[in-house]
Amino acid sequence: MAFRERTRVMDADDIRRAVQRVAHEIVERNKGASNLVLVGIRTRGVPLSLRLAKAISSIEGTEVPVGKLDITLYRDDLHTVSTPVVRETHLPGDIEGKNLVIVDDVLYTGRSVRAAMDALMDFGRPASIQLAVLVDRGHRELPIRADYVGKNLPTSRDERVKVALTEVDGEEGVYIGEEVG
Amino acid sequence: MVERRHLLDVDDLDREGIERILDMARSFAEVQRRPIKKVPSLRGKTVANLFYEPSTRTRLSFELAAKRLSADVLNFTASASSVQKGESLKDTALTLEAMGVDAVVVRHPVAGTPWLLRKWINATILNAGDGMHAHPTQALLDLFTMRERMGNLEGKTIAFVGDILHSRVARSGMKACRFMGMEVLAVAPPTLLPPVAMEGVEFTCDFDAALPRCDVIYMLRMQKERQQEGRVPSIEEYVRFYQIDAGRMGRARPGAMVMHPGPMNRGVEISSEVADAPYAVMTAQVASGVAVRMAALFTLLGGAEGGDGIA
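Residues numbered from 1 in each chain as written. Chains lettered and ligands numbered in written order. Predicted model: local features only at pLDDT ≥ 70, side-chain atom pairs only at ≥ 80, totals over all residues. Heavy atoms only, no water.

(A) Structural detail: the overall build of chain B. Along its length, chain B carries 12 helices and 9 strands. For chain B, whose C-alpha radius of gyration is 19 Å, the value lies close to the compact-globule estimate of 19 Å for 311 residues. Principal axes of the C-alpha set define a box for chain B whose edges measure 55 × 45 × 35 Å. Burial statistics for chain B: of 311 residues in total, 59% are counted as buried. (Helix = DSSP H or I, 4+ residues; strand = E, 2+ residues; numbered from the N terminus. Rg over C-alpha atoms; globule rule 2.2 N^0.38 Å. Buried < 20%, exposed > 50% of the residue type's maximum accessible area, 1.4 Å probe, protein only.)

(B) Region of the structure containing the interface of chain A and chain B. Tallying the contact residues gives 18 residues for chain A and 22 residues for chain B. Summed over both sides, the interface between chain A and chain B buries roughly 1,500 Å², with carbon and sulfur atoms accounting for 61% of that surface. There are 0 salt bridges connecting chain A and chain B. In this assembly, chain A and chain B are joined by 5 residue pairs in polar contact (both at pLDDT 80 or more). Broken down by class, the residue content of the side of chain A that touches chain B amounts to 9 nonpolar, 6 polar and 3 charged. (Contact = heavy atoms within 4.5 Å. Buried area = accessible area lost by both parts, 1.4 Å probe. Salt bridge = Lys/Arg side-chain N within 4 Å of Asp/Glu carboxyl O. Polar contact = N/O pair within 3.5 Å; in protein donor to acceptor, adjacent residues only side chain to side chain. Nonpolar A, V, L, I, M, F, W, Y, C, P; charged D, E, K, R; others polar.)

(C) Representation of the sheet that holds strand 1 (residues 46-51) of chain B in the model. Residues and elements named next belong to chain B. The strand order across the open sheet built from 4 strands is 2-1-3-4, with neighbouring strands paired in parallel fashion. Either end of the sheet is taken by a strand with one partner, and the two such strands are strand 2 (72-77) and strand 4 (124-130). Averaged over all neighbouring strand pairs, the angle between strand axes comes to 15 degrees, with direction disregarded. Direction of pairing for strand 1 relative to strand 2: parallel, over a ladder of 6 bridges. Pairing of V47 across the sheet is with V73, part of strand 2. Docked against the sheet, helix 4 (residues 113-120) engages strand 1, strand 3 (103-108) and strand 4, running at close to 160 degrees with respect to strand 4. (Pairing = 2+ DSSP bridges. Axes fitted to C-alpha atoms, helices over the stretch in contact; angles between N-to-C directions.)

(D) Local environment of helix 4 of chain B. Residue and element names in this part refer to chain B. Residues of helix 4 that are buried include every one of T113, P114 and L117, and no others. Take helix 4 and look down its axis: the buried residues cluster within an arc of 95 degrees, on one side only. Tucked inside the fold, the buried residues of helix 4 contact strand 1, helix 3 (89-98), strand 3 and strand 4. (Arc of directions from axis to C-beta.)

(E) Layout of the state of the cysteines. Residues and elements named next belong to chain B. Here the structure, examined in full by the defined rule, presents 0 disulfides over all chains. With no disulfide of its own, C205 has C214 as its nearest cysteine by sulfur position, at a separation of 15 Å. The class of C205 is partly exposed, set by a relative accessible area of 36%. Left unpaired, C214 is separated from the closest cysteine sulfur, that of C177, by 12 Å. (Disulfide = S-S within 2.5 Å.)

Quick look at the structure:
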C-alpha cells in the first residue's frame, strides 16, 4: 500500500519550531534537565529524541541521555503482522528513578505508547514517564494522552498522517493523505 | 488447516532469511542483559520439547528461549514417559496436538523424524537434531557466534574437523556456512568422511596442511565407539593427527578461533589448553544459543499465521 499525500501541514521550519517549544516545555515541567532521559520509539521517534536532546542541552547547558526503543516484542497486534522484525533497543544506563520522556512522531491509537511503557518497565522503575509527540492526530483507543504536543491535527480515521524527517526520509514535512493501491 | 512454518534444516532459509534471524538474535541477546529477561511476545503459545535423545545444552536452551518469550513449555523426555510403555512417536505427537501445542521442538535418533511429524500434526516443527542428518539451530547459533566476532563472513574459511560422517552439526553447519559465502573444508581421516562429495565443500585428510587457511576451526566430538567400529586405529593416533592443540593453533591464521558444539572430550579432539584459551568460544556459543533460538521461535510463531515468515 502506498501513501498519497493531500496536504502538507508542517514544513521544516514548523517542525524545528515545534521541537524547540517542546524542549522548553520539557525543561519547564521538569524544572531543569538533570534527571531526564529521552527515549525515542523506533523509527522516527529516534531522530526526534536526538533533536529534542540537542535543543534541551542548548537551553540548559547539560547533556540529556537518549535511548532508542523497539516495541515489536510488546505489540498487541503481533498476530496480524506477517513478518515481524525485531530491531535494536538501547537505553543509556539505568532508568531507575529517572524522569523518562517517551518520544514518538505520531500519537494515534495510543497502542504504541502502551507497548513502550511496558517495555520500559522491564528495564527498571522510573520516577515518572512522560510523552512527547510531534503530531497528535486523535482517535485514542486507550486512556493515554501526550504531555507535550508539537501540533494537534484533527483527522478522520481513513486518513493517514506521514511524518518525514531528514535522518530517515531525506526530507522534512508532515503530510495528511490516504493509502492507495 | 492453517499453513504452518517450520525449521527442519537450514534449507528452509535462504541467506536473507538467515541474516534476518541473526540480526534479530542480536536484539534478543540484548534482552538477555536486561534486569527482566522476559518479553511478552509469545504469551498464550505453547511449545513442547520432544526429546528422544539425551541433551543438556539444546533442550535447556530451547526451554529458556521459549520461556523468555512468555510461551508455556512442555518438556517431554522419552525415558520418563509413555514411550517406556511402548507408545509410538505418532501417538505421542497426536497427544501433543490434541493438547493444542503451537510448536514441537523435536530431537530424535532417526533421521527424518521432524519431516514425519510435519506430515502427522498441525503444529510448527523445529528440528533440534535428527540422527546424523541435521541440526539447524546449532548451525544458526554458530553463524551468530562467528559473525559477532568476525563481522562479515563472506570469503572467510572454516574447517570442520573430526567425525564429519556421523555429524548432523557438520552437515547443517557446512550448508549454512556455504549460504553465507564462506569457504568450507571438511577435515577427517578417510573413514570419517562422507562417501559422496558435498557441494562446495573441500574434503581433506591433512589437518596440518589446511590449518594456515583457517579463520575458524570447528572441532567435532570424537566418540570412543568409533575405534571399536574400526574407523580409527586408536584414539592415540587420532589425537596425534586431528587434535587441536596449542602447537597446531600456532599454524592457523592470526586471530583464528576455535569452536565446538559440546560436549567436549578434553584430551581427545581438543587439548585442555586450547579449550580454556580466549580464542576458544564455546561459552559464547552456548550464550548465543538462547538468543538465536528466541529469534527462531519468534520468527516462526510471532507473526500472523500463514505469513511468509521464515524463507
